[in-house]
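Overview (structure and organization)
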Amino acid sequence: RVVSPFNPADLRRECFGGPRTTHEYSYALRSYVEKSVPNNKSAYMLVYERRSPMAIPDAPPLEASQEGGGGEPDAQENPADDGGAGGDDDAAAKKAKGADAGGRDALADPSAAAAEADPLVAYDASGAVQMCSSLATSAWQDNTTFMHSLHVMGDECGVFLGEWLAEAERGLAGGAEGDEEAVAFAVTGFKLLAQVVVHSKHQSGGAAICEALGKFVRRSSAACVAVMEILAKDRTLMHDVLLRCPITKTRQAIADLVTTLLEVMTPLEVERLTEMETYEVEVPVPPPVVVEEEADGDDDKKEKDGGSDDDSAGARSASADAASEPQTRMVTMERATTLTATLLDAMLDYATLDIAGECWRHFREFFLVLRRFAEQGWAERAFLLQREGVMRVMDLYLGTDSPFHEVLWEPGVRRRPAMGTKSTPVDWTEALQLVSVLVRSCSTTAPRQPPTLLLPPSGEPLPPLSADSRRVILIKPFYVASLRQSDNADAVANIIGHTAWEWPEFTKSVIEVIVEGLDSAEAGDVAPYFTVMRHFVALDDSLRETRTQALLWGEPRNVLTVARAYRVRYPTFTLAALVGLFGVCQEQPHVGDALCADRDTLAWLELFLRRRVADAEAEAGASAAADDAAGNVSLTELLAAAIMGREVKSTVTKATDAAEAQRALAEAALIDLDALVSARGGALIGEEGLRELEAAQAADDAEAAEEEADEGGGGGEGGADGEGDDDDDDDDAVDVDDVDLALAAALRESQEMADAAAAAEAAEAAVSDDDDDDD
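It should be emphasised that the depicted structure is a prediction, and the values quoted were computed from it without experimental measurement.

Here the focus is the overall build of the protein chain. Per the secondary structure count, the protein chain includes 37 helices and six strands. Looking at the protein chain as a whole, 38% of its 775 residues qualify as buried. Within the protein chain, counting contacts between residues at least 6 apart in sequence, those at least 24 apart form 72% of the total.

If you want it as structure tokens, here you go:
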């Protein structure tokens, strides 16, 4: 039921091996081009025995036209009919001729001839599987090569080859003879690395080979050119060594080697990096659309045109024939003339970036090579900008949010690779650093350029960022996603700092990204926002004060209001936000001045931190009792056990560790706040002052509540018993709309602290009772 008939004519196309012809879409030509690619179909074969044998029909007899000689078929099939004994002689001669020259008798049964030339052999010791000798030999050689690459090329073998190459490099002769030897050794070593080592099971030895090859290419420019030519002109090999190699250590060594190649080659070709040469390629032409005429056309029109039905039919037939015939045309294209530009064009090609998306776990070293090239000098960055490096890398990063998604990713032609998982995020560190370097190499529209600009040599003009590259770095989803995922916040901050310089609209968008991102972040995810904020407020342009005021006091929300809104429900988030904000204030004094100018803000900041220290101490005490009762172990105990080699039965750590960390963090933040205020000639209120404020506010709240009850409570018994009770409940929970926010927070958090202390005492009493029972 699961075995379907198979057409033997499809065997070559469905089996692994050999080339196959396919049509790929060319974005330069805007059409499909024919290309020969390896046939990578599955190499596995299912061999089975049918329960009901199926008869295989004999091959049909060959026509006479296929023979070497002519004549009528009947005469050749029955030579004896010509009469006399001469027929037997002719038949014998023809038989001999056929046997010697490939006549009818030799071709009448081609399977017999094939079996004689390529007999069946047993493929394994059991003899149950048989195949033709040539196929068995080829399969055995492939399997032997694969097993050799998989197992024999171990770490020791890689180290040995690296030492062999290093020794060969030390023994090179000077002059032209030394260059020839260097080329031979470098080419052999690189092919061994690219074709064997990166595919082997043990690849750590590849680092030694890469190190030795690096010495060759530094010593001999001829060796560098030879290796570079292999890497630049074989894209499949480049994909294997930089993207598909699964061992991180080997990829890092290969990235170092490719960087060395570019460092040696670029000075030799820097003047010709942007030179292009033209060449022609034959591409298919889409067939013309044949429009069928309506059957009931106007006869008068046909007569007027002098045509007829036969003429129309003939024209349609000719059009159909023309449409069925493949049409091609020659198209002129351009390509780089230097090896450096050829390699970089291959790396920035959309087909390569598609493979990079599929190999997202490994592409960090791929973008590391591009970033190092960009940092080599101004000419290198100008080349990558001309090749739209920013737009191409950012399109891969943005995915479906890219403004070019519908243009570059046509349905059925290109498919967006799925990158990243919940447990394994994508490492965009090097890719975003590359984009940052390129963006900061371009001029802005401001009359005075930002300090983040990477200046070119004196006298060279500053290139502007292209329109396409500008589009991808100005969209909000880029900054929202990069900060939420903590994708190289320093690089993103540099891009923002360069772009926001003297630009009010973009500055406003960045403030929205920071505030909205903080509002949706967890306690452990706030650091990237304050990294960006630190670079953002450091810009010394005409918008500096505007940025500071909007971030601290902007409406309807700002950094302080977001931090304060979650201080009761999520105090760990508020504490993390305050730690980040104090760090910005310490690095940027003008932000600290703005923060310390508002006494009410300082009051609630101090109150929150002091109460957080007390709450954390109470939580630590309660958690310690609960952990001791449960038999859990602390992180320190786990570490000590691991060092001593002892096993620990319980892997549950104490909640005391988290509470102690919160207490230490709150104490450090309180010290930072005190330093900020003291540096500006002020002082914190202190614990006694906060208690006085709480008491005074409690008295004011009680008086206000009595006045409200007197004004609205004269409505009789029902009001006193019903609504009056609700008013009393509301008195306990302070009305934030009617009183000062800072003091209201003090009352609320003081009450919460008292509740937590009571809970801790109850837990300690319970533990004490249990100990008494045990005694």
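From this point, the discussion proceeds with the structure in view.
Moving on, we get to the side chain of Ser220. Take Ser220: it is sitting in the loop between helix H9 (206-219) and helix H10 (221-233). We classify Ser220 as buried; its relative accessible area is 3%. Here the side chain of Ser220 touches Asp179 through a polar contact of 3.1 Å, side chain to side chain. A distance of 3.2 Å separates a polar side-chain atom of Ser220 from the backbone nitrogen of Ala223. Residues within four places of Ser220 in sequence aside, it is in contact with Asp179 and Ala182.

This next bit is on helix H18 (residues 378-386). Within H18, burial applies to Trp378, Glu380, Arg381, Phe383, Leu384 and Leu385. Residues of H18 that are buried sit in contact with helix H12 (248-269), helix H15 (339-348), helix H17 (364-374), helix H19 (389-398) and helix H21 (429-439). Of the residues trailing H18, Glu388 is marked for its positive phi of about 60 degrees.

Now for the packing of H9 against H10. Taken N-terminus to C-terminus, the directions of H9 and H10 make an angle of 120 degrees; their axes are 5 Å apart at the nearest point. By the angle between their axes, H9 is oblique relative to H10. For the pair H9 and H10, contact is made by Phe216, Val217 and Arg219 and by Ser221, Ala223, Cys224 and Val227, respectively. By residue class, the composition of the contact of H9 with H10 is five nonpolar, one polar and one charged.

Here the focus is the packing of helix H23 (residues 476-484) against helix H25 (residues 504-520). For the pair H23 and H25, interaxial distance at closest approach is 10 Å and the crossing angle is 35 degrees. For the element pair H23 and H25, the recorded crossing hand is right-handed. Packed against H23, whose contacting residues are Lys476, Tyr479, Val480 and Leu483, the element H25 presents Phe506, Glu512, Val513 and Glu516 at the interface. The residue inventory of the contact of H23 with H25, partitioned by class, reads five nonpolar, no polar and three charged.

The next point concerns the pattern of salt bridges. Enumeration over the complete set of coordinates arrives at 25 salt bridges. Here Arg251 and Glu365 are joined by a salt bridge, their closest N and O atoms 3.0 Å apart. With Arg251 in helix H12 and Glu365 in helix H17, this residue pair connects regions lying 114 residues apart in the sequence. Glu365 gets classed as buried once you look at its relative accessible area, which sits at 3%. Between Arg663 and Glu667 there is a salt bridge, with the nearest N and O atoms lying 2.8 Å from each other. Taken together, the positions of Arg663 and Glu667, both in helix H33 (residues 655-679) and four residues apart, correspond to about one turn of that helix.

All right, on to H19 then. Within H19, nine of the ten residues are buried, which leaves it mostly tucked inside the rest of the structure. Positive phi appears at Gly399, one or two residues downstream of H19, with a value of about 65 degrees.

With that settled, consider the environment of Gln386. Relative to the helices and strands, Gln386 resides in helix H18. Classification of Gln386 as partly exposed rests on a relative accessible area of 46%. Separated by 80 residues in sequence, Gln386 and Ser466 place their C-alpha atoms 8.5 Å apart.

Structurally, Asp541 is set in the loop between helix H26 (527-537) and helix H27 (544-553). Beyond its immediate chain neighbours, meaning those up to four positions away, Asp541 contacts Arg448, Ala500, Trp501, Glu502 and Arg547.

As a further point, take the nonpolar core. Of all hydrophobic cores here, the largest spans 151 residues; its most connected members are Phe190, Phe366, Val390 and Phe478. Considering each element in turn, this core owes the most residues, nine residues, to helix H29 (residues 571-587). Sequence-distant contacts of Phe190, defined by excluding residues within four places in its chain, comprise Leu213, Val227, Ile230, Leu231, Leu237 and Leu257.

Conventions we followed
Residues numbered from 1 in each chain as written. Predicted model: local features only at pLDDT ≥ 70, side-chain atom pairs only at ≥ 80, totals over all residues. Heavy atoms only, no water. Helix = DSSP H or I, 4+ residues; strand = E, 2+ residues; numbered from the N terminus. Buried < 20%, exposed > 50% of the residue type's maximum accessible area, 1.4 Å probe, protein only. Contact = heavy atoms within 4.5 Å. Polar contact = N/O pair within 3.5 Å; in protein donor to acceptor, adjacent residues only side chain to side chain. Axes fitted to C-alpha atoms, helices over the stretch in contact; angles between N-to-C directions. Parallel < 35°, antiparallel > 145°, perpendicular 65-115°, else oblique. Nonpolar A, V, L, I, M, F, W, Y, C, P; charged D, E, K, R; others polar. Left-handed = near helix turned anticlockwise from the far one by under 90°. Salt bridge = Lys/Arg side-chain N within 4 Å of Asp/Glu carboxyl O. Core = buried A, V, L, I, M, F, W, Y, C linked by side-chain atoms within 4.5 Å.

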